[in-house]
Amino acid sequence: MPAPIRPQPGILEIAPYKGGDSAITGVDTPLKLSSNENPFGPPPSAVAAMQAAAANIHRYPSTDHAPLRQAIAEMHGLDADRIIIGVGSDEVLTLLAMAFAGPGDEVLYPEYGFSMYPIFALSAGATPVVAPEAGRVVDVDALLARITPATRLIYLANPANPTTTLLENAELTRLADGLPAQCLLVLDGAYAEFAEGYDGGAAMVGARDNVVMTRTFSKLYGLGGLRVGWGYASPHVIDVLTRIRGPFNMSAIALAGAEAAVRDRAFARTCQQVNAEQRARLSGGLRQLGIQSDDSHTNFVLARFASETEALAADAYLKSQGILVRPVKGYGFPDALRITVGRPEDVTRVLDALAEFRGIS
Ligand SMILES: *Cc1c(COP(=O)(O)O)cnc(C)c1O
C-alpha cells in the first residue's frame, strides 16, 4: 500500500476477530457448540414471516423500524422511543464507541470482557483500558479505580462471556453511581434472557441517563445469521446514535423475522426452560468427571481443565467425535473450553465423549 494511504490511528492495532469454528475436516454435520447459538434453530414463526416478507423485497425497508420497536416495547414493557435497532447488537455497540469516544478518550472494560470491545474502541480511535477481575467475576472497585477524566464508555457484558458469571443489580447500581458525568455505562445483555430474574439493566436505563442496555436476537431467539440487535437508552443517546446509523441498516427480511420472533413468547420460554435444565445437567456431568465450572447464567459453560495441554487434548478428542466447542485462550483462559448448552441429546454426546476422553487420557 502506498505510504500516504494510511488508516486512522489505532486501526492497525486491531487483531481481526476470530469466530468459533464451524467445520471439522471429514465430518459432514458437526455438532456445533462453539458460538452459543440456539440448538433448536430459528423459531418457525420467524421463518414464515421472513418468507412472507420476501414477496415484497423490491421495496426499501422501513427506516424508523417502528413496528419492531413497538413489538419489543410491548413484549418487554419498555418505551419504544428509547429503542434503537441495529445490525446485531454489535452495530449498536460500535455506534456507541463512534459517537461517544475518539482520540484521547478511554474505553474501559473488565479483563474477560467480550473480545469485540477493544475492536470497537480502537475503531473509534480511542484507547482501550482493561480492569482486572476477581476470580472470573467483574470487580466493580477495579473498574471504578481505572476511571479517569478521559473515560467515556464502559462496556460490561452481564452475564459475561466467556465467564458465565452475573453481577448483581446492587453492584451494577454501585458502578453507575460511581461514574463521572461524562461516562456512559453500556450493559451488554446478549445473554440476559438466560439469567433468571435479571432484566438486562432495563430498569436502570429507565431510572438514569448514563446507562445503556444492548440486547440481541442472535442467542435465545436463534437468529444469529439474521443480524438483529437493539439498544435501550435515554432519548439523548438514542437521538445521537440514530443520526449516525445507516437509514436502511436493517433489511425488510430481518425486521420481519425479528418482529415475529419477539412476539413468539412460547418459543422463547421453551428455549429458556430447556437451557436451564440442560445447563444444570452439563455442569453437573462435568463436575462428576472432575471438570469444574462456575454457576452459569448464560447458554454455555466454561469448563476448566487441569492445564492448557489437557484442554487442548479434550478439544481435539471432541473434534474427533464430531463435536465443536470453543477454546478460549484468546480470552485469557488457556486451560478452559467454552461449551454451548445443546439439546438433551447434544449434552449426552458431550458428556459421553468427555467420559471416554477421561478414560483414555
Ligand atoms: C454474542 C454476543 C453478542 C451479540 O452479538 P450480535 O451482534 O447481536 O450477534 C454481544 N455481546 C456478547 C458478549 C456476545 O457474546
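Keep in mind that what you see is a predicted model, and the values were worked out from it rather than measured.

> Explain the overall build of the protein chain to me, using residue names and the numbers behind them.
Check the secondary structure of the protein chain and you find 12 helices and 12 strands. Here the protein chain has a C-alpha radius of gyration of 21 Å; the compact-globule value for 361 residues is 21 Å, and the two agree. In terms of overall dimensions, the protein chain has a C-alpha envelope of 60 × 55 × 50 Å along the principal axes. Burial status across the protein chain gives 53% buried among its 361 residues. Within the protein chain, residue pairs in contact and separated by at least 24 positions form 74% of the contacts whose partners lie at least 6 positions apart. Carbon and sulfur atoms provide 54% of the accessible area of the protein chain, an area that totals close to 15,500 Å². In the protein chain, 30 positive and 38 negative side-chain charges are present, and the distance between their average locations comes to 3 Å.

> Could you give me a rundown of the sheet that holds strand E7 (residues 211-216), with the residues and numbers involved?
Reading across the sheet, the 7 strands line up as E2-E8-E7-E6-E5-E3-E4 and stay open at both edges, with mixed pairing between neighbours. Strand pairing shows two members of the sheet lacking a second neighbour, strand E2 (83-86) and strand E4 (127-131), which therefore form its edges. On average, each strand axis in the sheet is tilted by 25° relative to the strand beside it, whichever way the strands run. Here 4 bridges tie strand E6 (residues 184-188) to E7, and the two strands are oriented parallel to one another. The residue of E7 that forms the bridge with Val 186 is Val 212. Contacts from helix H2 (residues 66-76) reach E2, E7 and strand E8 (229-232), with the element oriented near 120° to E2. Where helix H6 (residues 169-177) meets the sheet, it contacts strand E5 (151-157), E6 and E7, and its direction lies at approximately 155° from that of E6.

> I'd like a rundown of helix H8 (residues 235-244), residues and numbers included.
All of the buried residues along H8 are Val 237, Ile 238, Val 240 and Leu 241. Angular distribution of buried residues about the axis of H8 spans 160°; they occupy a single face of the element. Those residues of H8 that are exposed and aimed more than 90 degrees away from the buried face are His 236 and Arg 243.

> Any chance you could break down the side chain of Arg 82 for me, citing the residues and the numbers?
Position of Arg 82 relative to the elements: it lies in the loop between H2 and E2. Judged by relative accessible area, which is 16%, Arg 82 ranks as buried. In this structure Arg 82 touches Val 205, Gly 206, Gly 231, Tyr 232, Ala 233, Ser 234, Pro 235 and Ile 238, once residues within four positions along its chain are discounted.

> Mind laying out helix H10 (residues 265-288), listing which residues take part and the relevant values?
Working note: α-helix, 3.6 residues per turn, so residues spaced by three or four point in the same direction. In a regular helix each residue adds 1.5 Å, so 24 residues correspond to 34 Å; H10 covers 35 Å between its end C-alpha atoms and thus fits that length. Directly beyond the C-terminal end of H10, a positive phi value near 85° is found at Gly 290.

> I'd love a proper account of the sheet that holds strand E11 (residues 326-328), names of residues and values included.
Across the sheet, 3 strands lie side by side as E9-E12-E11; this open sheet has antiparallel pairing. Pairing within the sheet leaves two strands with one partner each, and these edge strands are strand E9 (300-304) and E11. Each strand axis lies, on average, 30° off the axis of its neighbour in the sheet, ignoring direction. The sheet strands contacting H10 are E9 and strand E12 (333-340), and the helix crosses E9 at an angle near 5°.

> Give a description of the nonpolar core that names residues and reports values.
Residues Ile 154, Leu 156, Leu 185, Phe 217, Val 228 and Trp 230 are the most contacted members of the largest nonpolar core, which totals 59 residues. In terms of residues, this core owes the most to one element, helix H9 (residues 252-263), which gives 6 residues. Built from parts of two domains, this core gets at least three residues from each of domain 1 (20-41 + 266-357) and domain 2 (44-263). Core analysis: the second largest hydrophobic core is formed by 35 residues, Ile 84, Tyr 109, Tyr 117 and Leu 184 among them.

> Describe the site of the ligand, naming the residues involved and giving the relevant values.
Near the ligand you find Gly 88, Ser 89, Asp 90, Phe 114, Asn 161, Asp 188, Ala 190, Tyr 191, Thr 216, Ser 218, Lys 219 and Arg 227, and these make up its full shell. Take Ser 89: an N or O atom from its main chain is 2.7 Å from an oxygen atom of the ligand. Between an oxygen atom of the ligand and a side-chain N or O atom of Lys 219, the distance comes to 3.3 Å. Protein chains bury 93% of the 390 Å² of accessible surface belonging to the ligand in isolation. Here the shell around the ligand gets 3 residues from one element, more than from any other, and that element is helix H3 (residues 88-100).

> Describe the domain arrangement of the protein chain, with residues and values.
Structurally, the protein chain comprises domain 1 (20-41 + 266-357) and domain 2 (44-263). If you average the C-alpha positions of domain 1 and of domain 2, the two centres end up 26 Å apart. Listed by partner, the interface residues are 25 residues for domain 1 and 22 residues for domain 2. Between domain 1 and domain 2, a total of about 2,000 Å² is buried, with carbon and sulfur atoms accounting for 61% of that surface. Sorting the residues of domain 1 by area buried against domain 2 places His 297, Tyr 331 and Phe 333 first, and these three jointly supply 31% of that buried surface. Here domain 1 and domain 2 share 1 salt bridge between them. Between Arg 136 and Asp 294 there is a salt bridge whose closest N-O contact spans 2.6 Å. The tally of links from domain 1 across to domain 2 stands at 9 residue pairs in polar contact (both at pLDDT 80 or more). Contributions of two or more residues to the side of domain 1 that touches domain 2 are made by H10, E9 and E12. When residues of the side of domain 1 that touches domain 2 are assigned to their parent elements, the largest contribution, 6 residues, is made by H10. Tallied by class, residues from the side of domain 1 that touches domain 2 come to 9 nonpolar, 11 polar and 5 charged.

Basis of the calculations
Residues numbered from 1 in each chain as written. Predicted model: local features only at pLDDT ≥ 70, side-chain atom pairs only at ≥ 80, totals over all residues. Heavy atoms only, no water. Helix = DSSP H or I, 4+ residues; strand = E, 2+ residues; numbered from the N terminus. Rg over C-alpha atoms; globule rule 2.2 N^0.38 Å. Buried < 20%, exposed > 50% of the residue type's maximum accessible area, 1.4 Å probe, protein only. Contact = heavy atoms within 4.5 Å. Areas by Shrake-Rupley, 256 points an atom, 1.4 Å probe, with all protein chains shown as cover. Lys, Arg positive; Asp, Glu negative; His and termini not counted. Charge placed at Lys NZ, Arg CZ, Asp CG, Glu CD. Pairing = 2+ DSSP bridges. Axes fitted to C-alpha atoms, helices over the stretch in contact; angles between N-to-C directions. Arc of directions from axis to C-beta. Expected span 1.5 Å × (residues − 1). Core = buried A, V, L, I, M, F, W, Y, C linked by side-chain atoms within 4.5 Å. Domains from an automatic or database assignment. Near = heavy atom within 4 Å. Polar contact = N/O pair within 3.5 Å; in protein donor to acceptor, adjacent residues only side chain to side chain. Buried area = accessible area lost by both parts, 1.4 Å probe. Salt bridge = Lys/Arg side-chain N within 4 Å of Asp/Glu carboxyl O. Nonpolar A, V, L, I, M, F, W, Y, C, P; charged D, E, K, R; others polar.

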